[in-house]
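# Examination of the molecular architecture
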Amino acid sequence: MSPVAALIRDSARQCMAWLHGWTGLLLGHVLFIICLTGTLTIFKPEISQWMRPEARAVASPAEAILAATRWLQANSKDSTGWYLSAPDDRANIVEASYDSDGVYRTQALDPQTGAPVARETLGGEFFYRLHFELELPYPWGRLLASLAAMTMLVALVTGVIAHKRIFKDVFTFRPFKGQRSWLDGHNGLGVLAMPFHIMITFTGLLTLASLNLPWGMAGAYGEDMATMYADLAPGSVTRAASGEKAALAPLAPMLTTAQRHFGGTPIGRVYVFNPGDKAAVVTVYPSDAEAIGYMPAEISFDGATGHALKAWTETRTGIRTYQTIYGLHMARFAPSLTRWLYFLGGAMLTMAIATGMVLWIVKRRERAPLSVGNRILERLNVGVLTGAPIGAVAFLIANRLLPLGIVARAETEVSIALWTSGAALALGMVLPPAIGWPVLLGGLAIGCVSAAFLGPIWPDGWPLATVNLLLLGVALALLPVIRRQVQRKRAPAPTRRRAVAT
């Protein structure tokens, strides 16, 4: 290679390395929270089961939907709609969203009785919402998550280009070597699951395409969003309430007809619009647990008569492509092994972000004393990288300790999680990093053990036991890290300065 070509190559690589570092730094903490909660969301139904240990009843999807509608008919007043998700092999409750007396509610209903389960909680839904909304009002949380996903995509591509020996170094790890160790860990975590990281970032970005790229829809439909949604789901029927009261027709024949239309696929979701009105509509969707593509079909019935109004099975290439991309990101189709691979890939991406944030500080500390800005960033690393998982564990502990009958119990669990994360962030900013890391990591380990032993330790059903084992596994994995941090703190002054980055 000529000197000029080598110079161009090295300059391009340096530019990519600079872009990789700064794009990762600007939204690194937001990305860490998004990836951590997204990884937990892989097991959203299992986490929800763990957080509702009393809910052990089992029923078929159709039976559960019938029980839920009977309860809603008796207990919801002047409702404009019921939105029900049926149980399956992973979820053992009916997820119901509805309005009653002008108040919008979300509840988990028993699949046999249809009544709300005893323990009010958002369960895994909290991590799911936090993953793409960040507890911010619409649309700001989703816009921030979209911006973070774009940043992540740039960081992934530039990281590959900037790396000189990507395939050689991915299998190299040299512990206790300061910057070299952090770089080895960052490279290994980022590269081993690189195809998954690119896929999950790109598909996540496209799931919010209507928010990120609205110009195509605006050009085709203007402000007529009703027509756009009708074109996207031709089997759905939307009509205004007539104001005339009418009993809802028996739902069982509708569900039987729907399942026949779906080719035997179990019922996934049932939406009842204008219940109790002559213009009621019942729209049924199949379960997406058996196919990658999301929402492959739908069928609508007249709620007052039970007659089928429209039915649709999606075959359009463009729509099916988007549905498949959406399904790949959500991973509802995934069997157990694939789900664990998703979880492992998400955990590696989360740790790659964390090691990248720490590496930024380590590199500058080893070159020269840190500036004020870098010292603030170092303490932010301590607060955010420990505070987010501490908040998640506090959410689980609150679920076990709060009394069952208190008002707004689910909202209280969320508040405890957020306030605990905020307290950890404040401690990370106040304490010197040499103290903050072992203190907060120790708190995280204690929290994991406490959450595992506060409920049924080895309950019936593998989801509850698996969550307990994962919590204990995280606590065990943290022990050598905490031990290393404590040893570093106790080291003599000259040694401490040399080991501060390890």
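My aim in this report is to walk through the structure given alongside it, one point at a time.

Parameters at a glance
Residues numbered from 1 in each chain as written. Predicted model: local features only at pLDDT ≥ 70, side-chain atom pairs only at ≥ 80, totals over all residues. Heavy atoms only, no water. Axes fitted to C-alpha atoms, helices over the stretch in contact; angles between N-to-C directions. Helix = DSSP H or I, 4+ residues; strand = E, 2+ residues; numbered from the N terminus. Parallel < 35°, antiparallel > 145°, perpendicular 65-115°, else oblique. Left-handed = near helix turned anticlockwise from the far one by under 90°. Contact = heavy atoms within 4.5 Å. Nonpolar A, V, L, I, M, F, W, Y, C, P; charged D, E, K, R; others polar. Patch = residues over 30% accessible without salt bridge, like charges linked within 9 Å, V, L, I, M, F, W, Y side chains within 5 Å. Areas by Shrake-Rupley, 256 points an atom, 1.4 Å probe, with all protein chains shown as cover. Salt bridge = Lys/Arg side-chain N within 4 Å of Asp/Glu carboxyl O. Buried < 20%, exposed > 50% of the residue type's maximum accessible area, 1.4 Å probe, protein only. 1 Å grid on protein atoms, 1.4 Å probe; cavity = no way out; pocket = protein on both sides within 12 Å on 5 of 7 lines; lining within 4 Å. Points joined across faces, edges and corners; volume = space filled by probe spheres on them. Pairing = 2+ DSSP bridges.

## A word on the packing of helix H15 (residues 336-367) against helix H16 (residues 372-401)
Where H15 contacts H16, the axes come no closer than 10 Å and their chain directions differ by 150°. Classified by the interaxial angle, the pair formed by H15 and H16 is roughly antiparallel. The interaxial crossing formed by H15 with H16 has left-handed handedness. Of the residues in H16, those in contact with Ala-354, Met-357, Val-358, Trp-360, Ile-361, Arg-364 and Arg-365 of H15 are Asn-374, Leu-377, Glu-378, Asn-381 and Leu-385. When its residues are assigned to classes, the contact of H15 with H16 shows seven nonpolar, two polar and three charged.

## Considering the packing of helix H9 (residues 194-207) against H15
Put simply, H9 and H15 touch, their axes get as near as 10 Å, and they point 90° apart. When the axis of H9 is compared with that of H15, the two are roughly perpendicular. Residues Phe-196, His-197, Met-199 and Ile-200 of H9 form the contact with H15, whose own contacting residues are Tyr-342, Gly-345, Gly-346, Met-348 and Leu-349. Broken down by class, the residue content of the contact of H9 with H15 amounts to six nonpolar, three polar and no charged.

## Considerations on a nonpolar patch on the surface
Taken together, the side chains of Val-372, Ile-376, Leu-425, Met-429 and Val-430 present a nonpolar region at the surface, about 430 Å² in accessible area. At the level of secondary structure, the elements contributing two or more residues to the nonpolar patch comprise H16 and helix H17 (409-430). When residues of the nonpolar patch are assigned to their parent elements, the largest contribution, three residues, is made by H17. Along the chain, the position of Leu-425 falls in helix H17. According to the relative accessible area criterion, Leu-425 is partly exposed, its value standing at 31%.

## What about empty space enclosed by the protein?
Taken as a whole and judged by the stated rule, the model has one cavity of 30 Å³ or more. Space inside the largest cavity adds up to approximately 40 Å³. Lining the largest cavity, in full, are Asp-288, Ala-291, Ile-292, Tyr-294, Gly-327, Met-330, Ala-331, Arg-332 and Phe-333. When the residues that make up the lining of the largest cavity are grouped by side-chain class, the tally is six nonpolar, one polar and two charged.

## What to know about the pairing of strand S5 (residues 281-286)
Where burial is concerned, most of S5 is hidden: six out of the six residues are buried. Bridging between S5 and strand S6 (residues 297-302) involves four bridges; their strand directions are antiparallel. Across the sheet, Val-284 pairs through a bridge with Ile-299, a residue of S6.

## Quick word on the environment of Thr-321
Positionally, Thr-321 belongs in helix H14 (residues 317-330). A sequence separation of 168 residues divides Thr-321 from Leu-153, and the C-alpha atoms of the two residues are 20 Å apart.

## Description of the pattern of salt bridges
Where charged atoms of side chains with opposite charge meet at close range, the side chains can pair. Scanning the model with the defined rule gives 12 salt bridges in all. One salt bridge connects Lys-44 with Glu-125, and the closest N-O pair in it is separated by 2.7 Å. A residue pair is termed long-range when its members are at least 10 positions apart, and Lys-44 in helix H3 (residues 44-50) and Glu-125 in helix H5 (residues 125-133) qualify at 81 residues. By the burial criterion, Lys-44 is buried, and Glu-125 matches it. Where Glu-413 meets Arg-409, a salt bridge forms, and the shortest distance between an N and an O atom there is 2.7 Å. Remark: Arg-409 and Glu-413 occur in helix H17; sequence separation between them is four residues, near one turn of the helix. Owing to a relative accessible area of 0%, Glu-413 belongs among the buried residues under this scheme. Taking the relative accessible area as the measure of exposure, Arg-409 reaches 0% and is therefore buried. Ionic contacts of the salt-bridge type, sharing partners, join the residues Lys-44, Glu-125, Arg-129, Glu-133 and Arg-142 into one network.

## Some words on the sheet that holds strand S7 (residues 308-313)
Two orientations exist for strands paired in a sheet by backbone hydrogen bonds: parallel and antiparallel. Sheet architecture is open: seven strands sit in the order S3-S2-S1-S4-S5-S6-S7, paired in antiparallel fashion. Each edge of the open sheet carries a strand with a single partner, namely strand S3 (103-109) and S7. Neighbouring strand axes in the sheet, compared pairwise and without regard to direction, differ in orientation by 15° on average. Both strand S2 (residues 94-100) and S3 contribute to a ladder of seven bridges, which runs antiparallel. Bridge pairing in S3 places Ser-97 opposite Thr-106. Along the sheet face, helix H4 (residues 61-75) touches strand S1 (81-85), S2, S3 and strand S4 (267-273) and points at about 150° away from the line of S1. Along the sheet, helix H13 (residues 251-261) contacts S4, S5, S6 and S7; its crossing angle with S6, the most-contacted strand, is approximately 150°.

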